[in-house]
Amino acid sequence: INSKPLILSTWNHGLPANDAAIQRLKSGGSIIDAVEAGVKDTELDMDNLSVGLQGLPDREGITTLDASIMTGDGSCGSVAFVRQIKHPISLARAVMEKTPHVMLAGEGARQFAISEGFPLEKEELSPKAAEAYQEWKKTSQYKPIINIENHDTIGMIGMDANGNLAGSCTTSGLAYKMHGRVGDSPIIGAGLFVDNEVGAATATGLGESIIRICGAFLIVELMRQGRSPREACEEAVRRLISKNKNIKDIQAGFLAMNKDGEVGAFAVHPGFNYAQATLQENVLIDSKSHF
Ligand code: SD4
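Residues numbered from 1 in each chain as written. Predicted model: local features only at pLDDT ≥ 70, side-chain atom pairs only at ≥ 80, totals over all residues. Heavy atoms only, no water.

*Asks:* Sorry, what's going on with the overall build of the protein here?
*Replies:* Looking only at helices and strands, the protein features 8 helices and 12 strands. The C-alpha atoms of the protein give 17 Å as radius of gyration, which agrees with the globular expectation for 291 residues (19 Å, within 12%). By the burial criterion, 59% of the 291 residues in the protein qualify as buried. Of all intrachain contacts in the protein linking residues separated by at least 6 positions in sequence, the fraction that spans at least 24 positions is 65%. In the form shown here, the protein has an accessible surface area of approximately 11,800 Å², with 50% of it arising from carbon and sulfur atoms. (Helix = DSSP H or I, 4+ residues; strand = E, 2+ residues; numbered from the N terminus. Rg over C-alpha atoms; globule rule 2.2 N^0.38 Å. Buried < 20%, exposed > 50% of the residue type's maximum accessible area, 1.4 Å probe, protein only. Contact = heavy atoms within 4.5 Å. Areas by Shrake-Rupley, 256 points an atom, 1.4 Å probe, with all protein chains shown as cover.)

*Asks:* Looking at this structure, I do not really get empty space enclosed by the protein. What am I missing?
*Replies:* Gaps left between atoms are located by rolling a probe of water-molecule size over the structure's atoms. Taken as a whole and judged by the stated rule, the model has 1 cavity of 30 Å³ or more. Of the pockets and cavities examined, the largest cavity occupies roughly 120 Å³. Considering the residues around the largest cavity, the lining is formed by 15 residues, among which Thr153, Thr171, Gly173, Asp184 and Gly205 are closest to the centre. For the lining of the largest cavity, the element with the highest residue contribution is strand β8 (residues 199-205), accounting for 3 residues. Each residue belonging to the lining of the largest cavity can be placed in one class, and the counts come to 2 nonpolar, 10 polar and 3 charged. (1 Å grid on protein atoms, 1.4 Å probe; cavity = no way out; pocket = protein on both sides within 12 Å on 5 of 7 lines; lining within 4 Å. Points joined across faces, edges and corners; volume = space filled by probe spheres on them. Nonpolar A, V, L, I, M, F, W, Y, C, P; charged D, E, K, R; others polar.)

*Asks:* So what exactly am I meant to see when it comes to the nonpolar core here?
*Replies:* Where a protein is soluble and globular, its nonpolar side chains tend to be buried together. Counting 46 residues, the largest nonpolar core has Ile219, Leu240, Phe254 and Met257 as the members making the most contacts within it. Leave out the neighbours within four places in its chain, and Ile219 touches Ala201, Ala232, Cys233, Ala236, Phe254 and Ala256. Judged by nonpolar contacts, the second largest core, of 33 residues, contains Val51, Ala67, Met156 and Ala277. (Core = buried A, V, L, I, M, F, W, Y, C linked by side-chain atoms within 4.5 Å.)

*Asks:* Whenever I open this one, the environment of Ala105 confuses me. Can you help?
*Replies:* Of note, Ala105 is situated in strand β4 (residues 103-105). Take Ala105: its relative accessible area is 45%, and that puts it in the partly exposed class. Expressed as a C-alpha distance, the spacing of Ala105 and Leu65, which sit 40 residues apart in the sequence, is 9.8 Å.

*Asks:* Help me understand the layout of surface pockets in this model?
*Replies:* The calculated volume of the second largest pocket comes to roughly 320 Å³. Contributing to the lining of the second largest pocket are 16 residues, with Leu53, Gln54, Lys122, Glu124 and Ser126 lying nearest its centre. Residues that form the lining of the second largest pocket fall into these classes: 5 nonpolar, 5 polar and 6 charged.

Geometric descriptors of this kind do not, in isolation, establish any biological role.
Written out as structure tokens, the structure reads:
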């Protein structure tokens, strides 16, 4: 059981993202401000090829972004298949707060962004992404390599000092996906789910495998029935394995907390890790896995 506030996020870049989130809380921000600020840090990280406009492109050489945000009272917003937006998480938050809708996609999301004053970035690949794309085009083979090329989506879940929960998730999705492909990250209940009565969960890995089992929702519901966060994540991995073929080629990792501040994670294969921050410390922890 951890002290509150508590912030968790996926993968190594969760460490600086958690720092940004904790900083936001310390400067008087709410938990929703914190989970937005946290992943915005990752959206700007030029070394991360799975989040933000510097992420690896689709097969046509275009980078398209997915993001979602949710609070423990059931408010949520998301954007899918958006281009030219530096901070899709902030656009997802604007969908939540300023529209009667939960999800906007593609051109409509971009028009909404313009109307909200989001600057449109120039559509060009980062040097690292351009180099990787040129290399990929030599064979144009679509074979995601688990834990390597799709390593870095950030999902963040957090609880403030009063026990209010929120979460965020943002990604450029799978490298070399079909144009128009949308993953789990912007789908409420797949890549992210938060309920103040129970807890919160987020996912990373092959989005198709996670959507198939409503991963994050499943974990929160299992916790509602009394499972610990770790047991719930492990059960979701078992479910995922039973519903997906070629499991040796599929990586997925889940991360959860309950409202008491208990934390758990589980993955299909080794290699998944997460960062866990309180006001006192921010540490990287290796997740256990099925295989
Ligand atoms: C997706 N879940 O679009 C994302 C990719 C990911 O770490 O998580 N990468 O399928």
